[in-house]
Amino acid sequence: MYRRDYIQRIIEEVARALRGAMGLNQEGLKVEALRIVQEAYPTFFSMEHEMVVKMDPDDLLTVFSEKYELNFEQLEALSKIFEAEASLLVDHNLEEALDRYKKALVLLTHLEKTDTATFSLERKQRVISIRNMLEG
């Protein structure tokens, strides 16, 4: 029960940080917003941003599930961090943005296949949106 409460609190804090970053972005403070998003990796998941950036999208699931033992909720939160970072990078570093979108898509696709206890229209819409972005 304590682990579940801890995980839920972390997920709520991730959401709060991402809302703050998106608010800064809307105010034109893109660099500050990107800093907050990139700090979310070590703050909430004990992962260095540089390590996550260098990871091949095909290795994500193995590393995140075996080394970090992330559950479905944590993978969902991590996919939102990838997606937020991508949206902040898209205007000035398209290659990096596409990498983060691919990583978010890998996690979301995995969740769609394996998280049978949760039906999420939001997740399905995010998958469609990212696929369209990557194909277009």
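You'll find the structure just up there.
Residues numbered from 1 in each chain as written. Predicted model: local features only at pLDDT ≥ 70, side-chain atom pairs only at ≥ 80, totals over all residues. Heavy atoms only, no water.

## Considering the overall build of the protein
At step 1: From N to C terminus, the protein includes seven helices and zero strands.
At step 2: In sequence order, the protein lays out its α and β elements as α-α-α-α-α-α-α.
At step 3: Considering only intrachain contacts with a sequence separation of at least 6, the fraction spanning at least 24 residues in the protein is 64%.
At step 4: As displayed, the protein has an accessible area near 7900 Å², and 52% of this comes from carbon and sulfur atoms.
At step 5: Across the protein, the mean location of the 18 positive side-chain charges is 3 Å away from that of the 25 negative side-chain charges. (Helix = DSSP H or I, 4+ residues; strand = E, 2+ residues; numbered from the N terminus. Contact = heavy atoms within 4.5 Å. Areas by Shrake-Rupley, 256 points an atom, 1.4 Å probe, with all protein chains shown as cover. Lys, Arg positive; Asp, Glu negative; His and termini not counted. Charge placed at Lys NZ, Arg CZ, Asp CG, Glu CD.)

## Some details on the environment of Asp5
At step 1: Residue position: Asp5 is located in helix H1 (residues 2–26).
At step 2: Here the alpha-carbon distance between Asp5 and Arg35, two residues 30 residues apart in the chain, equals 27 Å.

## A closer look at unusual backbone geometry
At step 1: Despite not being glycine, Ser46 shows a phi value in the positive range, around 55 degrees.
At step 2: Relative to the helices and strands, Ser46 resides in the loop between helix H2 (30–45) and helix H3 (49–54).

## Considerations on the pattern of salt bridges
At step 1: Tallied over the full model, the rule gives 14 salt bridges.
At step 2: Between Glu39 and Arg35 there is a salt bridge, with its nearest N and O atoms 3.3 Å apart. Of this pair, Glu39 and Arg35 both sit in helix H2, four residues apart, which is roughly one turn of that helix.
At step 3: On the accessibility criterion, Glu39 (37% relative accessible area) is partly exposed.
At step 4: Taken together, the shared-partner salt bridges in this structure form one network comprising Glu76, Glu83, Glu112, Asp115, Arg123, Lys124 and Arg126. (Salt bridge = Lys/Arg side-chain N within 4 Å of Asp/Glu carboxyl O. Buried < 20%, exposed > 50% of the residue type's maximum accessible area, 1.4 Å probe, protein only.)

## Focus: helix H6 (residues 94–114)
At step 1: With 21 residues, H6 extends 30 Å from end C-alpha to end C-alpha; this agrees with the ideal 30 Å at 1.5 Å per step.
At step 2: Those residues of H6 lying buried are Ala97, Asp99, Arg100, Tyr101, Lys103, Ala104, Leu105, Leu107, Leu108, Thr109 and Leu111.
At step 3: On its buried face, H6 sits against H2, H3, helix H4 (60–67), helix H5 (72–89) and helix H7 (121–135). (Expected span 1.5 Å × (residues − 1).)

## What to know about the packing of H5 against H6
At step 1: Direction vectors running N to C along H5 and H6 enclose 155 degrees, while the axes themselves pass 8 Å from each other. It follows that H5 is roughly antiparallel to H6 by the angle criterion. When you trace H5 past H6, the crossing you get is left-handed. From H5, Phe72, Leu75, Glu76, Leu78, Ser79, Phe82, Glu83, Glu85, Ala86, Ser87 and Leu89 reach across to H6, where they touch Leu94, Glu96, Ala97, Arg100, Tyr101, Lys103, Ala104, Leu107, Leu108, His110, Leu111 and Thr114. (Axes fitted to C-alpha atoms, helices over the stretch in contact; angles between N-to-C directions. Parallel < 35°, antiparallel > 145°, perpendicular 65-115°, else oblique. Left-handed = near helix turned anticlockwise from the far one by under 90°.)

## Quick word on the nonpolar core
At step 1: In this structure, Val14, Phe45, Met47, Phe64, Leu78, Ile81 and Phe82 are the most contacted members of the largest nonpolar core, which totals 39 residues.
At step 2: Looking at this core, the elements that each hand over two or more residues are H1, H2, H4, H5, H6 and H7.
At step 3: The greatest single-element share of this core, amounting to nine residues, is contributed by H5.
At step 4: Other than its neighbours up to four places away in sequence, Phe45 contacts Val14, Ala40, Tyr68, Leu70, Gln74, Ala77, Leu78 and Ile81. (Core = buried A, V, L, I, M, F, W, Y, C linked by side-chain atoms within 4.5 Å.)

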